[in-house]
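Each chain, letter by letter, is given below.
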Amino acid sequence: MRSDFVILFVLITTAVAAGDGPWSAPKWHLGASEKKGQFAITTSMFVRHRPGTSYDDVEVSCSVQNLTNPSDHSMVRRMALASPAQDLWCGGAGPLGEWCVLQEEGATLTWYRRTPCAGGAAEFSTGD
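For every chain, the first residue of its written sequence is number 1, and the numbers climb from 1 along that sequence. Local features in this predicted model are restricted to residues of pLDDT 70 or higher, and side-chain atom pairs are both shown and tallied only at a pLDDT of 80 or more, whereas totals for entire chains, interfaces and linings draw on every residue. In computing side-chain values, all of the structure's heavy atoms are included and hydrogens and water are not.

Peer 1: Is there a simple way to explain the overall build of the protein in this structure?
Peer 2: The helix count covers DSSP runs of H or I at least four residues long, the strand count covers runs of E at least two residues long, and both are numbered beginning at the N terminus. For the protein, the count of helices and strands is 1 helix and 9 strands. Secondary structure elements of the protein, listed N to C terminal, follow the sequence α-β-β-β-β-β-β-β-β-β. Relative accessibility under 20% of the residue-type maximum defines a buried residue, over 50% an exposed one, and the middle range a partly exposed one, all with a 1.4 Å probe and only protein chains included. Here the protein, with 128 residues, has 30% of them falling under the buried criterion. Two residues qualify as a contact provided that any one of their heavy atoms is within 4.5 Å of a heavy atom in the partner residue. A sequence separation of at least 24 residues applies to 37% of the contacts in the protein between residues at least 6 apart. Surface accessibility of the protein: about 8100 Å² in total, with carbon and sulfur atoms responsible for 58%. Using a 1.4 Å probe, accessible areas were evaluated by the Shrake-Rupley method; residue-level cover was limited to the displayed protein chains.

Peer 1: Sorry if this is basic, but what is going on with the environment of Asn66 here?
Peer 2: Position of Asn66 relative to the elements: it lies in strand β3 (residues 56-66). Take Asn66: its relative accessible area is 8%, and that puts it in the buried class. Leaving out residues up to four positions away in the same chain, Asn66 has contacts with Gln38, Phe39 and Asp72.

Peer 1: Please clarify how the pattern of salt bridges should be interpreted in this entry.
Peer 2: Any two side chains of opposite charge can pair, so long as their charged atoms come close to each other. For this analysis, a salt bridge means a side-chain nitrogen from Lys or Arg found within 4 Å of a carboxyl oxygen belonging to Asp or Glu. In this structure the tally under the stated criterion is 3 salt bridges. A salt bridge links Arg77 to Glu59; the shortest N-O distance between them is 3.5 Å. Of this pair, Arg77 sits in strand β4 (residues 73-85) while Glu59 is found in strand β3, placing the two residues 18 residues apart along the sequence. By relative accessible area, Glu59 is classed as partly exposed at 30%.

Peer 1: How should the environment of Arg78 be read in this particular structure?
Peer 2: Along the chain, Arg78 falls in strand β4. Taking the relative accessible area as the measure of exposure, Arg78 reaches 34% and is therefore partly exposed. Excluding anything up to four places from it in sequence, Arg78 contacts Val58, Glu59, Val60, Ala93, Pro95 and Leu96.

Peer 1: So what exactly am I meant to see when it comes to the state of the cysteines here?
Peer 2: When the sulfur atoms of two cysteines share a covalent bond, that bond is a disulfide. Only a pair of cysteine sulfur atoms within 2.5 Å counts as a disulfide in this structure description. Applying the stated criterion to the full structure yields 2 disulfides. At a sulfur-sulfur separation of 1.9 Å, the disulfide partner of Cys62 is Cys117. Between Cys62 and Cys117 the disulfide shows an S-S torsion of about 90 degrees. By sign, it is right-handed. Of this pair, Cys62 sits in strand β3 while Cys117 sits in the loop between β7 (108-112) and β8 (120-121), and the two are 55 residues apart along the sequence. Note on accessibility: Cys62 and Cys117 belong to one class, buried.

Peer 1: What am I meant to see in the pairing of strand β1 (residues 27-36) here?
Peer 2: Consecutive side chains along a regular strand alternate between the two faces of the sheet. Any two strands between which DSSP finds at least two bridges are classified as paired. Sheet analysis places β1 next to strand β2 (residues 39-49), joined by 10 bridges and oriented antiparallel. Its bridge partner being in β2, Ser33 is matched across the sheet by Thr42. The loop that links β1 with its antiparallel partner β2 comprises 2 residues; one of these, Gly37, has a positive phi angle of about 60 degrees. Of the strand pairs in this sheet, β1 and strand β9 (residues 123-125) are connected by 3 bridges, and their pairing is antiparallel. If you follow Leu30 over to β9, its bridge partner there is Phe124.

Peer 1: I would appreciate a short explanation of the side chain of Ser61 in the present structure.
Peer 2: Along the chain, Ser61 turns up in strand β3. In the analysis that follows, any N or O atom pair within 3.5 Å is treated as a polar contact, provided that within protein one partner can donate a hydrogen and the other can accept it, and provided that, for residues neighboring in sequence, both atoms belong to side chains. Here Arg77 takes part through its side chain, which lies 3.1 Å from a polar atom of the side chain of Ser61. Those residues in contact with Ser61 that sit more than four places away from it in its chain are Thr42, Thr43, Ser44, Val76 and Arg77.

Listed below in structure tokens is the structure:
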């Protein structure tokens, strides 16, 4: 009986923890950055949940800066649509490519196809 209670407690806390985090707010932010050779690349996603749906509207901004010539900088923005897919949150930003990331601290943002956007360690926040 006691072991049943412990198992139930673990399952409940795991389920609650999975829903907690900035991504459970109506508006949140995901960021990632990486360095490739002489270039610093950043990705910024401002997310707003569509009420009554499982979809999110996402403003994706990606920038590339040449570290040897800081005035050499470019940025591109696109609107995107994203939604949960199995254990992942995935979306597509047209010519910027498609991405997926687990909605948990320490997750890795992964881009598919060639992209000017940064992947790697995802940083979540509510923007507060």
